[in-house]
Amino acid sequence: MNKIKKSVKKAGLTLFVIMLFILIPAISAGFFDGFKKDVRLAPSQDTEVAISVGNAAPTIVSVGAIPATDPLSGTTKSITFQFTAQDSNGASDLNDASASTSFAKSGEPTRTGTCSFVSTTGNQKTYSCTVTMQYYDDNGVWTKTVSIQDAAAATGTDSSTSFTYNLLRDIIMTPTLISFPTTIQGSTNLLSTTQTSITNKGNFNTPTDGSVQVTAFNLKGAVTPAQIIPAANFNAGDTSATNVCTVAGGGTILSDGVATNIAGAGLTKGASGGGTIKYCLTLVPTGISDQNYVANVANANIWRVGI
Amino acid sequence: MIRKYKLYLCLIFIFVFFISLISYVSAFGISSPYWNTNPLEMRVGESKDISFNLQNCPALSADCVVKDENVVVSLQEGKKIARITSGKFYTIPFGTADQFIIMKVKIPSNAKVGDIYNVRFSVASYEEAGGSINIGVEYIIEFPVVIIA
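In this section: the overall build of chain B. Within chain B one finds 1 helix and 10 strands. Counting the 149 residues in chain B, one finds 47% classified as buried. A separation threshold of at least 6 residues defines the contact pool for chain B, and within that pool the share at least 24 residues apart is 72%. Summed over its atoms, the accessible surface of chain B is roughly 7,200 Å², and 58% of this surface lies on carbon and sulfur atoms.

All names here are of chain B. Enumeration according to the criterion identifies 7 salt bridges over all chains in this entry. For Asp49, the salt bridge goes to Lys104, with nearest N and O atoms at 3.2 Å. Note that Asp49 is positioned in strand E4 (residues 47-56) and Lys104 in strand E8 (residues 96-106), a separation of 55 residues in sequence.

As a further point, take the pairing of E8 of chain B. All names here are of chain B. Sheet topology places E4 next to E8; 9 bridges connect them, and they run antiparallel. Opposite Ile50, over in E8, you have Met103 as the bridge partner. Bridge analysis of strand E6 (residues 82-84) against E8 gives 3 bridges, and the strand direction is antiparallel. Across the sheet, the residue bridging to Ala82 is Val105, located in E8.

Moving on, we come to the packing of aromatic side chains. Both the distance between ring centres and the angle between the ring planes are used here to describe each pair of aromatic rings. Residue and element names in this part refer to chain A. In the structure shown here, the tally under the stated rule is 11 aromatic pairs over all chains. Seen from the ring of Phe117, Lys125 lies directly overhead, with NZ or CZ sitting 5.4 Å from the centre. Seen from the ring of Phe81, Lys144 lies directly overhead, with NZ or CZ sitting 5.1 Å from the centre.

Right, let's get into the state of the cysteines. Each disulfide is one covalent bond, formed between the sulfur atoms of two cysteines. Evaluated as defined, the whole model comprises 3 disulfides over all chains. The side chain of Cys245 of chain A participates in a disulfide bridge whose partner is Cys280 of chain A; the two sulfur atoms lie 2.0 Å from each other. The disulfide joining Cys245 of chain A to Cys280 of chain A has a torsion of about 105° about its S-S bond and is therefore right-handed. Residue Cys245 of chain A is found in the loop between strand E15 (234-238) and strand E16 (252-253), and its partner Cys280 of chain A is found in strand E18 (residues 274-283); the two are separated by 35 residues along the sequence. Overall, Cys280 of chain A belongs to the buried group, its relative accessible area being 0%. Cys57 of chain B shares a disulfide with Cys64 of chain B; S-S distance 1.9 Å. With the S-S bond torsion at 90°, the cross-link from Cys57 of chain B to Cys64 of chain B turns out right-handed. Judged by its relative accessible area of 2%, Cys57 of chain B is buried. For chain A, numbering the cysteines in disulfides from first to last along the sequence yields the connectivity 1-2, 3-4.

As a further point, take the nonpolar core. Ranked by size, the top nonpolar core spans 61 residues in total, and within it Phe121, Val123 and Phe143 of chain B carry the most contacts. Top contributing element to this core by residue count: strand E10 (residues 133-148) of chain B, with 7 residues. Look past the residues within four positions of Val123 of chain B in its chain and what remains in contact with it is Phe28, Ile30, Leu54, Val71, Val72, Val73, Ile101, Val137, Glu138, Tyr139 and Ile141 of chain B. Grouped together as the second largest cluster of nonpolar side chains are 20 residues, Ile79, Phe83, Met133 and Trp142 of chain A included.

Before going further, it helps to examine the environment of Ala232 of chain A. Residue and element names in this part refer to chain A. Along the chain, Ala232 turns up in the loop between strand E14 (228-229) and E15. On the basis of relative accessible area, Ala232 is assigned to the partly exposed category, the value being 44%. Ala232 sits 24 residues away from Asp256 along the chain, and the two C-alpha atoms are 6.6 Å apart. Other than its neighbours up to four places away in sequence, Ala232 contacts Ile253, Leu254 and Thr282.

Another point: unusual backbone geometry. Thr206 of chain A connects to Pro207 of chain A through a cis peptide bond whose omega is -5°. With respect to the helices and strands, Pro207 of chain A occurs in the loop between strand E11 (196-200) and strand E12 (213-215). Positive phi values are uncommon outside glycine, yet Ala153 of chain A reaches one of about 70°. With respect to the secondary-structure elements, Ala153 of chain A resides in the loop between strand E6 (140-150) and strand E7 (155-165). Owing to a relative accessible area of 48%, Ala153 of chain A belongs among the partly exposed residues under this scheme. Not every positive phi belongs to a glycine, and Leu60 of chain B is a case in point at roughly 55°. Position of Leu60 of chain B relative to the elements: it lies in the loop between E4 and strand E5 (69-77). The exposure class of Leu60 of chain B is exposed, given its relative accessible area of 54%.

Criteria and cut-off values
Residue indices begin from 1 for each chain and proceed along its sequence in written order. The lettering of chains begins at A and the numbering of ligands begins at 1, in the order of writing. Note on the predicted model: pLDDT of at least 70 is required for a residue's local features to be given, and 80 or more for side-chain atom pairs to be given and counted; whole-chain, interface and lining totals, by contrast, use all residues. Note that water and hydrogens are dropped before the side-chain values are worked out from all heavy atoms of the structure. By the criteria applied, helices consist of DSSP H or I runs no shorter than four residues and strands consist of E runs no shorter than two, each listed in order from the N terminus. Any residue under 20% of the maximum accessible area for its type is buried, any over 50% is exposed, and the rest in between are partly exposed; the area is computed with a 1.4 Å probe on protein chains only. By the convention used here, residues are in contact when the closest approach between their heavy atoms is within 4.5 Å. All accessible-area figures derive from a Shrake-Rupley calculation using a 1.4 Å probe, and residue coverage is judged against the displayed protein chains alone. A carboxyl oxygen of Asp or Glu within 4 Å of a side-chain nitrogen of Lys or Arg is what we treat as a salt bridge. Being paired, for any two strands, means DSSP has found at least two bridges between them. Centres within 6.5 Å make a pair out of two Phe, Tyr or Trp rings, where for Trp the six-membered ring is used; the pair is then stacked when the planes are under 30 degrees apart, edge-to-face when over 60, and tilted otherwise. Placement of a positive charge over a ring is assigned whenever Lys NZ or Arg CZ falls within 6 Å of the ring centre and within 35 degrees of the normal to the ring plane. Working definition: a disulfide is two cysteine sulfur atoms within 2.5 Å of each other. Only buried residues count toward a nonpolar core. Its members are Ala, Val, Leu, Ile, Met, Phe, Trp, Tyr and Cys residues joined through side-chain atoms within 4.5 Å.

Scope: geometric values only; no functional claims are made or implied.
So this is what it looks like as structure tokens:
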């Protein structure tokens, strides 16, 4: 009996050793890996890692503010500001030559500018930009756009900021002499022999920003100031008036000391912007003496053309 | 012949008016940060100085007359909240754009949000010249002041 037990033990031991020889290489070769649920690599175990890294587009970090800006009469105005761009691939990835800017307003030509590199901080670059505005560019809010590309031509753009371009009233009046023909008491409807030519050196235009106005004053006798030709005896109108001597013809009756809007008088803006005002003396009063009738500093009755 | 000439002179001196409007080339300008559709927004009790830029042909263009411009400023409306603090009379040197009219605007403490005040002032050129009838330039600057929360 003991002999049988010994044989069974011996056979079991032999089988264990055989299984050991079979299992050890199998485990070592990962034969049972499919049955494992958690696999943890030992810290010192080598492994291969492959990550695909794509290009990151530049972003605009900040755009410098532009205060409300005055146009410059009859010429251009250069407006300078800075913006900062960032590229997570590194500042060197930003293409300096591609930095650009523009100002835009609905109904107006877009004004483009130029930008140049200023400095680098980390993965950011700062650029200085200058845009040239015309004196006749519309007053109001203009949108600033800045953009830049990286080496892969990916673009970063920002149009979230704006600035105000102010309203410039600036006109030049010519000629220096406006005259009426010689006349006598009781005469009617005398047209001025010259007209007031207005050159617009600003960005004011009618009717959007207002009207052309004439403030007339009674003409006083140079010898007898008590005698006058009333301002209300004068009409004014622009070149569109078919007969400035009548209201129906497009003329506007002037009033002593009152800024009177001239009906239909247009003042355009632009490189050749302007307008023209002509006048009519509708009635020379009777009962006034023969003398010059004047409006001057001494009599505090200078006429004014305004906007 | 002499008789005819005398008659002509008589007509000139007795019946004839010569009316001339002598103007000078005026070339000053004023730039405003506010206008009818671009109101100044302020709060109750707030005080603010506003600048209006005066110019006299800074481009030195050929159509300007080389001379300084004398202008006078007159506040016409809004005296309850606004006053000109930089003076009434200005001489704008030719070729410049660096002079300003300063207006102080102060909103009273009893103003209410939503109130609108209108401010209006004129800037006119004046000329100490002779001649018959002079004509000058006048700009009317007008803008609303809106009280906000």
